[in-house]
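Inside the fold
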Amino acid sequence: MEITIQETRLQEAASQGTDAFLTVIHDAILGAVGGEVNAETLPLLNGEQTTLLAYFILREEVMDGGFVQLIHNGYGPFIFLNPFAKAMRLWGAHDFSKLVYRGRKLFEKYGDQLTAECSDEEFMALFEQYPEFDDLDDEFIEMEEEVTDIIAHYVDDHLEQFVAVLQ
């Protein structure tokens, strides 16, 4: 599936910074699959596009509620049971890749408990029950800006893998 974006739109976003640049590409990819990442829409995307969407999901979930929330909301298999960490290493985000691998070990250990149906109170209690995730959360928050910059540079250097730029 070819996903297109106007060059002027891309340039405008790039002039606003890393987040804006990545967001305009992310939004174009997500828009091309009807705004939803699921088993039906994922095959329409290539690995690079899928990896960028995965990073946005991880970043949003972790910045909002940590890895516990990411796993509880059902994204554990998408992030940890796919080659996302390897892709991050190949994209140049080595420390982040290591963090994701550490998260996978915790997901494998606690995933069933963290994805069980629960009330809001029980969900909030998960953060206290699984403090092992606190360090991962803190590390990601500290490295998020650098990781996003690394990803933006990778995307910029391999733009044709993500979108077709229209003049």
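Residues numbered from 1 in each chain as written. Predicted model: local features only at pLDDT ≥ 70, side-chain atom pairs only at ≥ 80, totals over all residues. Heavy atoms only, no water.

With that settled, the discussion passes to the overall build of the protein chain. Of the regular secondary structure elements, the protein chain holds eight helices and two strands. Sequence-ordered secondary structure for the protein chain, helices as α and strands as β, is β-α-α-α-α-α-α-α-α-β. For 167 residues, the compact-globule estimate of 2.2 N^0.38 gives 15 Å, and the C-alpha radius of gyration of the protein chain, at 16 Å, lies within 12% of that figure. Expressed as lengths along the three principal axes of its C-alpha atoms, the size of the protein chain is roughly 55 × 30 × 25 Å. At a minimum sequence separation of 6, the contacts of the protein chain that also span at least 24 residues come to 69%. Each charge class in the protein chain was averaged separately, 9 positive and 33 negative side chains, and the resulting centres sit 11 Å apart. (Helix = DSSP H or I, 4+ residues; strand = E, 2+ residues; numbered from the N terminus. Rg over C-alpha atoms; globule rule 2.2 N^0.38 Å. Contact = heavy atoms within 4.5 Å. Lys, Arg positive; Asp, Glu negative; His and termini not counted. Charge placed at Lys NZ, Arg CZ, Asp CG, Glu CD.)

Turning our eyes to something else, we now look at helix α3 (residues 47-72). Helix length check: α3 (26 residues) gives 24 Å between terminal C-alpha atoms against 38 Å at 1.5 Å per residue, more than 12% under. At glycine 65, α3 shows its maximal kink, close to 125 degrees. Of all 26 residues that make up α3, 22 are buried, and the element is covered over most of its length. Near the N-terminus of α3, the side chain that reaches the backbone nitrogen of glutamate 48, with its oxygen 3.0 Å away, is that of asparagine 46. (Expected span 1.5 Å × (residues − 1). Bend = angle between axes of the 7 residues up to and from the residue. Buried < 20%, exposed > 50% of the residue type's maximum accessible area, 1.4 Å probe, protein only. Polar contact = N/O pair within 3.5 Å; in protein donor to acceptor, adjacent residues only side chain to side chain.)

Right, let's get into the pattern of salt bridges. If the charged atoms of two oppositely charged side chains come close together, the side chains can form a pair. This structure, assessed with the given rule, holds four salt bridges. Between glutamate 108 and arginine 104 there is a salt bridge, with the nearest N and O atoms lying 2.7 Å from each other. Here arginine 104 and glutamate 108 lie together in helix α6 (residues 94-114), a separation of four residues that amounts to about one turn. According to the relative accessible area criterion, arginine 104 is partly exposed, its value standing at 30%. Three or more residues are tied together by salt bridges with common partners; here these are Asp19, Arg59 and Glu144. (Salt bridge = Lys/Arg side-chain N within 4 Å of Asp/Glu carboxyl O.)

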